[in-house]
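# Fold and contact review
What follows is each chain in one-letter form.
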Amino acid sequence: RSGEMAKLTQLIDNEVFRVYATYATIVLLKMMLMSLITAYFRITRKAFVNPEDTASFGKGESAKKFLRTDPDVERVRRGHLNDLENIVPFLGIGLLYALSGPDLYTALLHFRIFAGARIAHTFAYLIPLPQPSRGLSWVVGYAVTISMAYKVLKTGLYL
Amino acid sequence: RSGEMAKLTQLIDNEVFRVYATYATIVLLKMMLMSLITAYFRITRKAFVNPEDTASFGKGESAKKFLRTDPDVERVRRGHLNDLENIVPFLGIGLLYALSGPDLYTALLHFRIFAGARIAHTFAYLIPLPQPSRGLSWVVGYAVTISMAYKVLKTGLYL
Amino acid sequence: RSGEMAKLTQLIDNEVFRVYATYATIVLLKMMLMSLITAYFRITRKAFVNPEDTASFGKGESAKKFLRTDPDVERVRRGHLNDLENIVPFLGIGLLYALSGPDLYTALLHFRIFAGARIAHTFAYLIPLPQPSRGLSWVVGYAVTISMAYKVLKTGLYL
């Protein structure tokens, strides 16, 4: 089966596909970081949601007071959900875009701007920066995804 | 590298893959629309969640009263999360299904029904239509995904 | 177009890709199961969120009392969201990893451990098991995804 494996490896050897692989991995790792930041704030703010998570603080009322929401935890969680809502379309549409034969420079431009916009969005959300920082970074990532979707549908529309 | 690019382009030239690319893009664009609808209701209902989003309404108590939940906003957000829960499995399983060599007509049937069901689900959720409209449209999309998963596992199971 | 179809079919014939297809489908089916468990608890606990869902219980106050949150429902929903947050990165990074030419044994190891960890995470969350059961199963799935991301970036990094 080394022949088939060679063909598969050609996919990751293709430059546009490698660009997609790189930026898709980067934005997914960035999204995964949100889990760690949530855990960090839950532990330092002592704000948990599951009773079994507060068992180490003792029993009964002494542990129960840590079952609460915290503004910082909730802020990170909103940023995480916003990532899911925007990175899932990027993953799907970006893959199809990378397979639709864009030229390398245009593809690099799309992927770099999207990744930059989502990283900026995270900083704008977590610091937080005054609006319209977060709004603008969100719009830029959204527009890049729409632009890629347009290319996919123009290249391969089949209803 | 033009030889490799040619091979990649063959992927988007394949008819079943083009059908997948088309419908995956359509349902992702539909899901992205939920963000705009949420923003529309947040602005028209003046119901925000981040203090920095209400800064333009003034300072202190006058802005604070816009940090509230609104039933219409929450409804759109639930529809958006339901999209994520159902479109993510469709994206992954649908891609594998498209690569498992289904015949074109069967693939078209699956993808068209899924997209139609999710669009119907959105209308049923946002209008809202009386039950079981929303429930039925959800079940149809779910069943299509299960049917594709069955084909994938039957074709390529490797534990 | 049978030549192109043959090439596509080769993708699902490739052993590593078949392993990915199998485990991606399994974890997505597991995630989809969370919807059914949520529905089960909503119905048995009579805890709904949309007014149109309680219409069959009568009108006015008699139906309104079923618009409430229930700890069991909320627990399943948290497990579902945790799945989304962790299975989305696995789907994207796992696909790129499968295309980056890992050897079959290493790929099997990654995919089996991830699937096992996520199934364990679901049991730990829903029973619930005392900590650190849920925490550990989460960390294992997270670490497997990071390991695959490292391989993808090492093989195909293109910034």
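Residues numbered from 1 in each chain as written. Chains lettered and ligands numbered in written order. Predicted model: local features only at pLDDT ≥ 70, side-chain atom pairs only at ≥ 80, totals over all residues. Heavy atoms only, no water.

## A word on the interface of chain A and chain B
- Taken together, the contacts link 38 residues of chain A with 41 residues of chain B.
- Buried surface at the junction of chain A and chain B, both sides included, amounts to about 3400 Å², of which 68% is carbon and sulfur.
- Arg134(A) serves as the salt-bridge partner of Asp53(B), at 3.0 Å between the closest nitrogen and oxygen.
- Applying the counting criterion to the chain A and chain B interface returns 13 residue pairs in polar contact (both at pLDDT 80 or more).
- Listing elements by their share of the side of chain A that touches chain B, those giving two or more residues are α1 (2–13), α2 (15–44), α4 (71–98) and α6 (133–156) of chain A.
- Sort the elements by how many residues they give to the side of chain A that touches chain B and α4(A) lands first, with 11 residues.
- Of the residues contributing to the side of chain A that touches chain B, the split by class is 24 nonpolar, 8 polar and 6 charged. (Contact = heavy atoms within 4.5 Å. Buried area = accessible area lost by both parts, 1.4 Å probe. Salt bridge = Lys/Arg side-chain N within 4 Å of Asp/Glu carboxyl O. Polar contact = N/O pair within 3.5 Å; in protein donor to acceptor, adjacent residues only side chain to side chain. Helix = DSSP H or I, 4+ residues; strand = E, 2+ residues; numbered from the N terminus. Nonpolar A, V, L, I, M, F, W, Y, C, P; charged D, E, K, R; others polar.)

## A look at the interface of chain C and chain B
- Across the boundary between the two partners, chain C contributes 41 residues, which contact 37 residues of chain B.
- Across the chain C/chain B interface, buried area totals approximately 3300 Å², and carbon plus sulfur atoms make up 68% of it.
- Counting across the chain C and chain B interface gives 3 salt bridges.
- Where chain C meets chain B, there are 13 residue pairs in polar contact (both at pLDDT 80 or more).
- Where the side of chain C that touches chain B is concerned, the elements lending two or more residues are α1 (2–13), α2 (15–45), α4 (71–98) and α5 (104–126) of chain C.
- Classifying every residue of the side of chain C that touches chain B gives 26 nonpolar, 6 polar and 9 charged.

## Section: helix α5 (residues 104–126) of chain A
- Here α5(A) is 23 residues long and its end C-alpha atoms lie 33 Å apart, about the 33 Å a rise of 1.5 Å per residue gives.
- Packing partners of the buried residues in α5(A) comprise α2, α4 and α6 of chain A. (Expected span 1.5 Å × (residues − 1).)

## Concerning a nonpolar patch on the surface
Residues and elements named next belong to chain A.
- A cluster of nonpolar side chains, contributed by Tyr-105, Leu-109, Ile-113 and Val-140, occupies part of the molecular surface with about 370 Å² of accessible area.
- The dominant element in the nonpolar patch, judged by the number of residues it contributes, is α5, at 3 residues.
- Within the secondary structure, Tyr-105 sits in helix α5.
- For Tyr-105, a relative accessible area of 59% puts it in the exposed group. (Patch = residues over 30% accessible without salt bridge, like charges linked within 9 Å, V, L, I, M, F, W, Y side chains within 5 Å. Areas by Shrake-Rupley, 256 points an atom, 1.4 Å probe, with all protein chains shown as cover. Buried < 20%, exposed > 50% of the residue type's maximum accessible area, 1.4 Å probe, protein only.)

## A look at empty space enclosed by the protein
- For the structure shown, the criterion picks out 2 cavities of 30 Å³ or more.
- In this structure, the largest cavity encloses a volume near 280 Å³.
- As for the largest cavity, its lining consists of 19 residues, of which Leu91(A), Gly92(A), Leu91(B), Gly92(B) and Leu91(C) are closest to the centre.
- Elements with a contribution of two residues or more to the lining of the largest cavity: α2 and α4 of chain A, α4 (71–98) of chain B together with α4 of chain C.
- Considering only residue class, the lining of the largest cavity consists of 16 nonpolar, 3 polar and no charged. (1 Å grid on protein atoms, 1.4 Å probe; cavity = no way out; pocket = protein on both sides within 12 Å on 5 of 7 lines; lining within 4 Å. Points joined across faces, edges and corners; volume = space filled by probe spheres on them.)

## Regarding the relation of the copies chain C and chain B
- With an RMSD of 0.0 Å, chain C superimposes on chain B once it is rotated by 120 degrees and translated 0.0 Å along the axis. These values place the two chain copies in the arrangement generated by a three-fold rotation axis. Among all C-alpha atoms of chain C, that of Val88(C) lies closest to the rotation axis, at 4.3 Å.
- Of all interface residues in chain C, a mere 15% are interface residues in chain B too; the two copies therefore contact each other through different surfaces. (Least-squares fit on C-alpha atoms with pLDDT ≥ 70 in both.)

## A short note on the pattern of salt bridges
- Taken as a whole and assessed by the stated rule, the structure comprises 21 salt bridges over all chains.
- Arg45(A) serves as the salt-bridge partner of Asp72(A), at 2.7 Å between the closest nitrogen and oxygen. Remark: Arg45(A) occurs in the loop between α2 and α3 (61–64) and Asp72(A) occurs in helix α4; sequence separation between them is 27 residues.
- With a closest N to O distance of 3.1 Å, Arg77(B) and Glu74(B) form a salt bridge. On the criterion of helical spacing, the pair formed by Arg77(B) and Glu74(B) is a turn pair, its members being 3 residues apart in helix α4.
- Exposure remark for Arg77(B): the relative accessible area of 35% places this residue in the partly exposed category.
- Accessibility expressed as a relative area gives 21% for Glu74(B), which makes it partly exposed.

## Description of the UniProt feature "transmembrane region" (unreviewed entry) in chain A
- Sites flagged by UniProt as "transmembrane region" (unreviewed entry) map to residues 20–41 and 87–115 of chain A.
- What you have in residues 87–115 of chain A is 83% helix and 0% strand, and the ends, taken at the C-alpha atoms, are 10 Å apart. (UniProt positions renumbered as here; feature names shortened; annotations may be inferred.)

## Some words on the nonpolar core
- Ranked by size, the top nonpolar core spans 102 residues in total, and within it Phe111(A), Phe111(B) and Phe111(C) carry the most contacts.
- In this view, Phe111(B) contacts Val16(B), Val19(B), Tyr20(B), Tyr23(B), Phe90(B), Gly94(B), Tyr97(B), Ala98(B) and Met148(B); residues no more than four positions away in its chain are not counted. (Core = buried A, V, L, I, M, F, W, Y, C linked by side-chain atoms within 4.5 Å.)

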